[in-house]
Amino acid sequence: MTRVALISGANRGIGLEIARQLARKGVAVVIGARDLDKGRAAAQSIASEGYLVDCVRLDITDSASISAAVDDVDLRHGRIDVLVNNAAILIDGPGGFKSSLFELDPDTARQTFETNVLGPLRLTQAVVPVMQRHNYGRIVNLSSGAGQLSDMRSGFPAYRMSKTALNALTRITAAELASTNIKVNAVCPGWVRTDMGGLEAERPVEIGAETPVWLATLPENGPTGGFFRDQRAIPW
Ligand SMILES: NC(=O)c1ccc[n+]([C@@H]2O[C@H](COP(=O)([O-])OP(=O)(O)OC[C@H]3O[C@@H](n4cnc5c(N)ncnc54)[C@H](OP(=O)(O)O)[C@@H]3O)[C@@H](O)[C@H]2O)c1
């Protein structure tokens, strides 16, 4: 039986590379993209290697888009085994690491939470009932070291708070699903060269996608409710 994976924001960056690596492992990949043309182009780049892939329009800030996308994937494939909550935004600034909490526009925080926290929440709520039909699921939440409370500092305040909240969402979801075969984990991909990470970032997407792919394909005795980087647990 072929596993089916839905990945949000998979038209570029780490999400696209997760899609490519999962496809190479024999997973039927569905690229979620808010711009369908960009999603199609991304799907084509994987399909041209001979792998199973299609795409669906998915804007994670839009409940109607989420339920239509999940229904569409369910109709086409009859199951969803893997959900990668990858899509996110980083709109703090100006100033990057120097951006101050005291200059943070609450609208920036609201918009960041809408995408980075409520997006994964809504998508998880929509996908889990489909996973439960087969009592199988692997949910991977793309978090960040920037959300680690144990190492919290200043800079990018809205993004940091959103990733801490995503970590909480990961723990709560894992706790609610503890008696099922649906595993829920958070991952920090490291600092990765993408539009978000920038050109100075140390890692290529191939490395950034490795641990998310590992979590997306965990065996039955694999962990749940954890936070990982480079396939090792890291502090919250
Ligand atoms: N890069 C890093 O160094 C780094 C480090 C730690 C964690 N992460 C996390 O890793 C994940 C991927 O990051 P990345 O570097 O690949 O980011 P990226 O290059 O900026 O790509 C972000 C993706 O999210 C999509 N997206 C944004 N808002 C969306 C929405 N409302 N609905 C659907 N899709 C939406 C974008 O779609 P459009 O093309 O339509 O804009 C794009 O496909 C994120 O969760 C990020 O926080 C990244």
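This text goes with the structure placed above it.
In short, a report on the structure. In this convention, every chain numbers its residues from 1, walking through the sequence in written order. The predicted nature of this model means local features are confined to residues of pLDDT at least 70 and side-chain atom pairs, given and counted, to a pLDDT of 80 or more, with totals for whole chains, interfaces and linings taken over all residues. Hydrogens are left out, water is left out, and the side-chain values use all remaining heavy atoms of the structure.

Focus: the site of the ligand
The line we're drawing: Only heavy atoms are used to decide nearness, and a residue is near a molecule or strand if one of them lies within 4 Å of it. Contacts described as polar in this section are N or O atom pairs within 3.5 Å, which, within protein, must combine one atom able to donate a hydrogen with one able to accept it, while residues neighboring in sequence count only if both atoms come from side chains. Areas reported here follow the Shrake-Rupley algorithm with a probe of radius 1.4 Å; residue values treat only the protein chains shown as occluding. Under the scheme used here, helices are H or I runs from DSSP no shorter than 4 residues and strands are E runs no shorter than 2 residues, and both carry numbers assigned from the N terminus.
Taken together, 28 residues surround the ligand, and among them Arg12, Asn86, Tyr159, Val192 and Thr194 come closest. The separation between an oxygen atom of the ligand and a polar side-chain atom of Asn11 is 2.8 Å. At a separation of 3.4 Å, an oxygen atom of the ligand approaches a polar backbone atom of Leu142. Considering the ligand on its own, with 900 Å² of exposed area, one finds that the protein chains cover 94% of that surface. Listed by contribution, the elements that provide at least two residues to the shell around the ligand are α1 (13–24) and α5 (157–176).

Thoughts on the sheet that holds strand β4 (residues 82–85)
Quick note on the threshold: The pairing criterion is simple: DSSP has to find at least two bridges between the two strands. Every residue pair with non-hydrogen atoms within 4.5 Å of one another is taken to be in contact. For helices, the fitted line uses only the C-alpha atoms of the stretch in contact; every axis is such a line through C-alpha atoms, and the angle between N-to-C directions lies from 0 to 180 degrees.
With mixed pairing, eight strands are arranged side by side in an open sheet as β3-β2-β1-β4-β5-β6-β7-β8. Two strands close off the open sheet at either side, each with one partner strand: β3 (53–57) and β8 (232–233). In the sheet, strand β1 (residues 4–7) pairs with β4 via three bridges, with the strands oriented parallel. When the sheet's bridge partners are listed, Ile7 is paired in β4 with Val84. Here α5 sits on the sheet and contacts β5 (137–142), β6 (182–187) and β7 (227–229); the angle it forms with β6, its principal contact strand, is near 160 degrees.

Brief notes about the packing of helix α3 (residues 63–77) against helix α4 (residues 106–132)
Rules: For classification purposes, an angle smaller than 35 degrees is called roughly parallel, one larger than 145 roughly antiparallel, one from 65 to 115 roughly perpendicular, and anything else oblique. For any pair of crossing helices, the crossing counts as left-handed if the nearer helix is rotated counterclockwise from the farther one by less than a right angle, and right-handed if it is rotated clockwise. Gly is put with the polar residues, along with every residue not named as nonpolar or charged; the nonpolar set is Ala, Val, Leu, Ile, Met, Phe, Trp, Tyr, Cys and Pro, and the charged set is Asp, Glu, Lys and Arg.
The N-to-C vectors of α3 and α4 enclose an angle of 30 degrees; their axes lie 10 Å apart at closest approach. On the basis of their axis angle, the class for α3 and α4 is roughly parallel. As for the relative orientation of α3 and α4, their crossing is right-handed in sense. Each of Ser63, Ile66, Val70 and Asp74 in α3 lies in contact with α4, whose residues at this interface are Gly119, Arg122, Leu123, Ala126, Val127 and Val130. Split into classes, the residues belonging to the contact of α3 with α4 amount to six nonpolar, two polar and two charged.

Overview of the packing of aromatic side chains
Here is the rule we go by: Only Phe, Tyr and Trp rings are paired, with Trp represented by its six-membered ring, and only when their centres lie within 6.5 Å; those with planes under 30 degrees apart are stacked, over 60 edge-to-face, the remainder tilted. Exposure classes here rest on a 1.4 Å probe applied to the protein chains alone. A residue is buried below 20% of its type maximum, exposed above 50%, and partly exposed in between.
Inspection of every chain in the model, using the stated rule, returns two aromatic pairs. Considering the side-chain rings of Trp214 and Phe228, the 5.4 Å spacing of their centres and the 80 degrees angle between planes classify their relative orientation as edge-to-face. In this pair, Trp214 sits in helix α7 (residues 210–216) while Phe228 sits in strand β7, placing the two residues 14 residues apart along the sequence. Its relative accessible area of 24% is what places Trp214 among the partly exposed residues. Given a relative accessible area of 7%, Phe228 falls into the buried group.

Examining unusual backbone geometry
Its identity as a non-glycine residue notwithstanding, Phe156 has a phi of 45 degrees, on the positive side. Of note, Phe156 is situated in the loop between β5 and α5. The class for Phe156 is buried, based on a relative accessible area of 14%. Although it is not a glycine, Gln231 sits at a positive phi angle of roughly 60 degrees. Position of Gln231 relative to the elements: it lies in the loop between β7 and β8.

What to know about the nonpolar core
Cut-off, in case you're wondering: Throughout this description, the term nonpolar core refers to a set of buried Ala, Val, Leu, Ile, Met, Phe, Trp, Tyr and Cys residues connected via side-chain atoms within 4.5 Å.
Ile7, Ile18, Leu22, Val29 and Ile31 are the most contacted members of the largest nonpolar core, which totals 31 residues. Residue assignment for this core shows that the elements contributing at least two residues are β1, α1, β2 (28–33), α2 (36–47), β3, β4, β5 and α7. Examining the composition of this core, we find that six residues originate from one element, α1, more than from any other. Among all residues touching Ile18, those that are not within four sequence positions of it are Ile7, Val84, Asn86, Leu142, Ala209, Pro212 and Val213. By size, the runner-up hydrophobic cluster in this structure holds 24 residues, among which are Ala28, Val73, Ala87 and Ile182.

A word on α3
Put simply, the test is: In a helix, the anticipated span is given by 1.5 Å times the number of residues less one. This arc is taken over the directions from the axis of the helix to the C-beta atoms.
The end-to-end C-alpha distance of α3, which contains 15 residues, comes to 21 Å, matching closely the 21 Å that a straight helix rising 1.5 Å per residue would cover. Within α3 the residues assigned to the buried category are Ser65, Ile66, Ala69, Val70, Val73 and Asp74. The arc that holds every buried residue of α3, seen down its axis, measures 160 degrees, which confines them to one face. Exposed and facing more than 90 degrees away from the buried side of α3 are Ala64, Asp71 and Leu75. Where the residues of α3 are buried, they touch β1, β2, β3 and α4. Of the residues flanking the start of α3, the one acting as N-cap is Asp62, its side-chain oxygen 3.0 Å from the backbone nitrogen of Ala64. Of the residues one or two after α3, Gly78 is the one with positive phi, at around 75 degrees.

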